[in-house]
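Letter by letter, the chains look like this.
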Amino acid sequence: MRSMEVAVQAARELGDQTAREGAITDIGLRVARLNEKLARYIPPRDMWTPAEEALFKPIDLFSVPIDEAHAMQLKAIKYTFTHHYNNNAFYRKYCDMRGVTPSDIKTNDDLYKIPLIPDLTFKQYPEGRDFARWLASVHTGELPKVVIKGANPTFDQVLNAFNANGMVVTYSSGTSGRFTFIPRDQRTFLASQYGLAKSVINMWAGDLFETDGYLLLPNPAKTNVFVGKVTSVYFDLVNDVQMAIDRELTTKDIQTAMSGGQGLKGRLFSYVQNRMQEKTIGKIIQWLERHDKAGGKVSLVGAPYLLYFVMQKLQAVGKSFDLGEDSYVLTGGGWKVRENIRLPAKDFRKLVDDVLGIPEASCFDLYGMVEGNGWMVQCPEGHYLHTPYTFYKPFVLNEDLKPADYGETGRFAFLEALAGSYPSFIMTGDQARMLEHCPVCDRPGPVLEPEVHRAKGEELRGCAEEVRGVLKRGLGG
Ligand SMILES: [Zn+2]
């Protein structure tokens, strides 16, 4: 009891009283435990930037009253915009071309003036030694000095050289085989991970810390794929984590996986694929069986694709579990289960309930991307994607690339304040519909409708697609 009081007190001291009336104890306690577990992710309070304040101060990111949140949002994004304007030559030039300076940003509506970078920008890199120079040009401020051996280093050699010296350069890939490379410094990366964990803890009323985890993704220690790396935080939250893909994954592996190998090589791959995938699915089922028998609480995090195949297999052999509402499923990255076949998220949640015995209110989807550090998580009541609007301004662009009204469908864009090492003011290739408030729950901020798609003409990408490719090409195990 005493330690509980101390924990709630700590949450109150760190945060303010933005959590909703009545819910303070539970959510306060959960966030206090989060802050305890992730203490090394949080800079000392007197060093917080306005962006960090907007992330670390509220107990519940999704319940901050609109006026208060708008004040935080303006302060945070203006601060970060000024930082990139002053310290990033490429972005400064871009802003000068548009005739926008930080002094133009006085109100929340002025935030729309901040020049957006098309997501393609982070794909337009050269190879070899020039790649390191390119990274330096998109990075804000000085990159650490590193020694890169050889005249023609691979992407992994360059990434590993920077990442051994305090950076976290990660990437995501698309079906075209081009990568999106994003240079995060440690501070940005830790804030992103903390934000991911807090968004989840804010939404799910269960006790994530007491679960045993299964990561349906690559081992974060063995890859620079963003979705692999960013889930390292999971290991600091739950009891024990098993991993679906535990081998080293290089850019070359991912390229092979995403491009869909053809001919003899492709046939060989698909032979290995079936065996590897079967093995992985078998391992996950054994683990679930063990936990079901022991009455243990579990959390399953990762690509819906893999869990879908696990559940199909269970159905085929007539097995089901009763893991209960204290267990948890978090998916992300897209809903394609086979070429051209999309699994509706609703059907997936029903399957999770039927086969695993985990109710819909404990099954969430999340939307985020390699370029950003804001994580949109579904509410348990209606499964709309809530946005972290204290440090993140989400919006939708119409066909003329002007901000669209709520309720209109268009290209998703965002201004995000946590990224100190690169400008995270991005026009994405995703198609979304945003609503001013959630039609189901009473959290005050804007939401996206579930199931964000790729815009027409944009290549497929996303973490689920990477996992699908990796397992399909027999690179898992
Ligand atoms: Zn909601």
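Residues numbered from 1 in each chain as written. Predicted model: local features only at pLDDT ≥ 70, side-chain atom pairs only at ≥ 80, totals over all residues.

## Examining the overall build of the chain
Quick note on the threshold: Helix numbers and strand numbers start at the N terminus; a helix is a DSSP run of H or I with at least 4 residues, a strand a run of E with at least 2. With C-beta atoms placed from the backbone, the exposure class of a residue follows from how many other C-beta atoms lie within 10 Å of its own: 20 or more, buried; 12 or fewer, exposed; in between, partly exposed. Residues are treated as contacting if the C-beta atoms built from their backbones sit within 7 Å of each other.
In terms of regular secondary structure, the chain is built from 15 helices and 17 strands. The proportion of buried residues among the 477 residues of the chain is 48%. Of the contacts formed within the chain by residues at least 6 apart in sequence, a portion of 73% connects residues at least 24 apart.

## Points about the environment of N152
Of note, N152 is situated in the loop between α6 (129-138) and α7 (155-163). In the structure, N152 is positioned 21 residues away from F131 in sequence and 9.8 Å away in space, judged by C-alpha atoms.

## Points about the nonpolar core
Quick reminder of the rule: Think of a nonpolar core as buried Ala, Val, Leu, Ile, Met, Phe, Trp, Tyr and Cys residues chained together by C-beta atoms that fall within 7 Å.
Ranked by size, the top nonpolar core spans 127 residues in total, and within it V200, L215, L216 and F391 carry the most contacts. Broken down by element, the residue count for this core peaks at eight residues, all from helix α8 (residues 186-203). Among all residues touching V200, those that are not within four sequence positions of it are L208, L330 and V377.

## Considerations on α7
Stated precisely, the cut-off is as follows: Directions are taken from the helix axis to each C-beta atom, and the arc is the one they span.
Listed in full, the buried residues belonging to α7 are F155, V158, L159 and F162. With its buried residues spanning 95° around the axis, α7 presents them on a single face.

## Notes on the confidence of the model for the chain
Basically, it comes down to this: Note on scores: pLDDT gives the predictor's confidence for each residue, bounded by 0 and 100.
A residue-level look at the chain finds 87% of positions with pLDDT of 70 or above and a mean pLDDT of 88. This stretch, residues 1-6, has a pLDDT under 50; its non-local contacts, to residues over four places away or in other chains, come to one contact. Within the model, the stretch residues 16-24 combines pLDDT values under 50 with 16 contacts to residues more than four positions away or in other chains.

## Description of unusual backbone geometry
Note: most residues except glycine have negative phi, and most peptide bonds are trans. The residue H383 is not glycine, and still its phi comes out positive at about 60°. With respect to the helices, strands and loops of the structure, H383 is situated in the loop between β11 (376-378) and β12 (385-386).

## Focus: helix α14 (residues 345-356)
Definition in use: A helix is expected to span 1.5 Å for every residue after the first.
Compared with the 16 Å implied by 1.5 Å per residue over twelve residues, the 16 Å span of α14 between its first and last C-alpha is a close match. Within the span of α14, buried status applies to F348, R349, V352, V355 and L356. With its buried residues spanning 145° around the axis, α14 presents them on a single face. Away from the buried face of α14 by more than 90 degrees, exposed residues K346 and D347 are located. Its buried side turned inward, α14 meets α13 (304-316), β7 (328-332) and β10 (363-367).

## Thoughts on the packing of α13 against α14
Our working definition: All axes are obtained by fitting lines to C-alpha atoms, using only the stretch in contact for helices, and the reported angles, taken between N-to-C directions, cover 0 to 180 degrees. Any angle that falls under 35 degrees is termed roughly parallel, while one over 145 is termed roughly antiparallel, one within 65 to 115 roughly perpendicular, and all others oblique. Crossing handedness: left-handed means the near helix sits turned counterclockwise from the far one by under a right angle, and right-handed means the same turn made clockwise.
Packing of α13 against α14 leaves a shortest axis separation of 10 Å and a crossing angle of 45°. On the basis of their axis angle, the class for α13 and α14 is oblique. Note on packing geometry: the crossing formed by α13 with α14 is left-handed. The segment α13 lies against α14, with P304, Y308, M311, L314 and Q315 engaging F348, L351, V355 and L356.

## Details of the pairing of β7
Where we set the bar: Strands qualify as paired when DSSP identifies two bridges or more between them. Crossover handedness is defined by viewing with both strands directed away from the observer: a clockwise path from the first strand over the helix to the second marks the crossover as right-handed.
Among the five residues of β7, five are classified as buried, and the element is accordingly described as predominantly covered. Burial along β7 is two-sided: Y328, L330 and G332 and V329 and T331, pointing in opposite directions, are all buried. Summarising the sheet, strand β6 (residues 298-302) and β7 pair through four bridges and their orientation is parallel. Residue pairing across strands places S299 opposite Y328, the latter belonging to β7. For the crossover that starts at β6, traverses α13 and ends in the parallel β7, the hand is right-handed. Strand direction decides the pairing type here: β7 and β10, joined by four bridges, are parallel.

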